[in-house]
Amino acid sequence: MTDTIDIAANLAQVRERMAAAARRAGRSLDEITLLAVSKTHPVGLIEQALTAGQRDFGENRVEEAWAKFADPDSPESLASRLKTADRPRLHLIGPIQSRKASLAIACRPTLIHAVDRLKIAARLDRLAGEAQLVQEVLLEVNVAGEASKFGFSPEAVQRDAGVILVLPWLRVRGLMTIPPYEPDPEAARPYFVALRRLRDQLAQHHPQADWRALSMGMSHDFEVAIEEGATIVRVGTAIFGTRDA
Ligand SMILES: *Cc1c(COP(=O)(O)O)cnc(C)c1O
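Computed from a prediction, not measured in an experiment: that's the story for all the values here.

> Hey, could you go over the site of the ligand for me, with residue numbers and the actual values?
Around the ligand, the structure places 13 residues, and the nearest of them are Lys39, Ser219, Gly236, Thr237 and Arg243. Separating an oxygen atom of the ligand from a side-chain N or O atom of Arg243 is a distance of 2.8 Å. The protein chains hide 90% of the 390 Å² of surface that the ligand would expose on its own. Of all the cavities here, the one that holds the ligand is the largest pocket. Residue classes in the shell around the ligand are distributed as six nonpolar, four polar and three charged.

> How would you summarise the layout of surface pockets if you had to cite specific residues and measurements?
In this model, the largest pocket occupies a volume close to 380 Å³. As for the largest pocket, its lining consists of 19 residues, and the residues nearest its centre are Lys39, Ile93, Ile178, Met218 and Arg234. Tallied by class, the residues present in the lining of the largest pocket amount to eight nonpolar, six polar and five charged. One number sums up the size of the second largest pocket: a volume of about 280 Å³.

> Outline the packing of aromatic side chains, listing residues and values.
A complete count under the given rule lists one aromatic pair for this structure. Taken together, a centroid distance of 6.1 Å and an interplanar angle of 50° make the contact between Phe57 and Phe69 tilted. Of this pair, Phe57 sits in strand S2 (residues 56–59) while Phe69 is found in helix H3 (residues 62–70), placing the two residues twelve residues apart along the sequence. As far as the burial class goes, Phe57 and Phe69 line up, both buried.

> Quick one: what's the story with helix H6 (residues 118–130), residue by residue and with numbers?
The end-to-end C-alpha separation of H6 is 19 Å, in line with the 18 Å expected for 13 residues at 1.5 Å each. Along H6, the positions that sit buried rather than exposed are Ile120, Ala121, Leu124, Asp125, Leu127, Ala128 and Gly129. Of the residues flanking the end of H6, it is Gln132, one or two places downstream, whose phi is positive at about 55°.

Criteria and cut-off values
- Residues numbered from 1 in each chain as written.
- Predicted model: local features only at pLDDT ≥ 70, side-chain atom pairs only at ≥ 80, totals over all residues.
- Heavy atoms only, no water.
- Near = heavy atom within 4 Å.
- Polar contact = N/O pair within 3.5 Å; in protein donor to acceptor, adjacent residues only side chain to side chain.
- Areas by Shrake-Rupley, 256 points an atom, 1.4 Å probe, with all protein chains shown as cover.
- 1 Å grid on protein atoms, 1.4 Å probe; cavity = no way out; pocket = protein on both sides within 12 Å on 5 of 7 lines; lining within 4 Å.
- Sits in = over half its atoms within 2 Å of the grid points.
- Nonpolar A, V, L, I, M, F, W, Y, C, P; charged D, E, K, R; others polar.
- Points joined across faces, edges and corners; volume = space filled by probe spheres on them.
- Phe/Tyr/Trp six-rings, centres within 6.5 Å; stacked < 30°, edge-to-face > 60°.
- Helix = DSSP H or I, 4+ residues; strand = E, 2+ residues; numbered from the N terminus.
- Buried < 20%, exposed > 50% of the residue type's maximum accessible area, 1.4 Å probe, protein only.
- Expected span 1.5 Å × (residues − 1).

Structure (structure tokens):
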């Protein structure tokens, strides 16, 4: 089915909807980044999106991100197919297991969205230090308190933020959340509001850090997220179509 998908048209439509949502909220589209979530999709579709002007891509599995974006030794990867200046920006949006942390840093991601516990923050800091690079990260917060979800609880992020902010090789840029899935996008609004308020509190308590980024909103609710302050929306299905896996 993927060969019948018009990536450029889908991207144009998503951008149009983003612009409309930004207008409703009195916001500038310039402050909102569209992340094209390419997980499970082949490199060929990513190249189509690149040709259509898309620059930021999200992957949730570290090995898949490495193989598609970063592996210098694989003829299939974008790192070996494209000149440095033409390469997309990779965002890691899934939880990072401890044993994958080293590969995550090796991917040289623009942003790691889902730092969800103190231990992984400390490990990423150590590995970034070994690579002599400063890694930008977001802290994932489980605002709904769902037992099945990854992320800091709102209480834990307030308790642990001070420790994370002094890690020398990590730069916190803000927060990320995945609300519980409900078909009605309006159901996500309270969680987006909660994330923004939590961010405002953290910014007040820790003004030395940059808390600007709010990574929230997916294919079915990104417009609501933009109305509530999202600076990064993570959109897969609406750009690349449905996933088999
Ligand atoms: C898959 C995924 C998305 C994109 O979901 P769609 O509903 O396909 O837009 C966004 N964020 C995360 C963390 C994901 O894993």
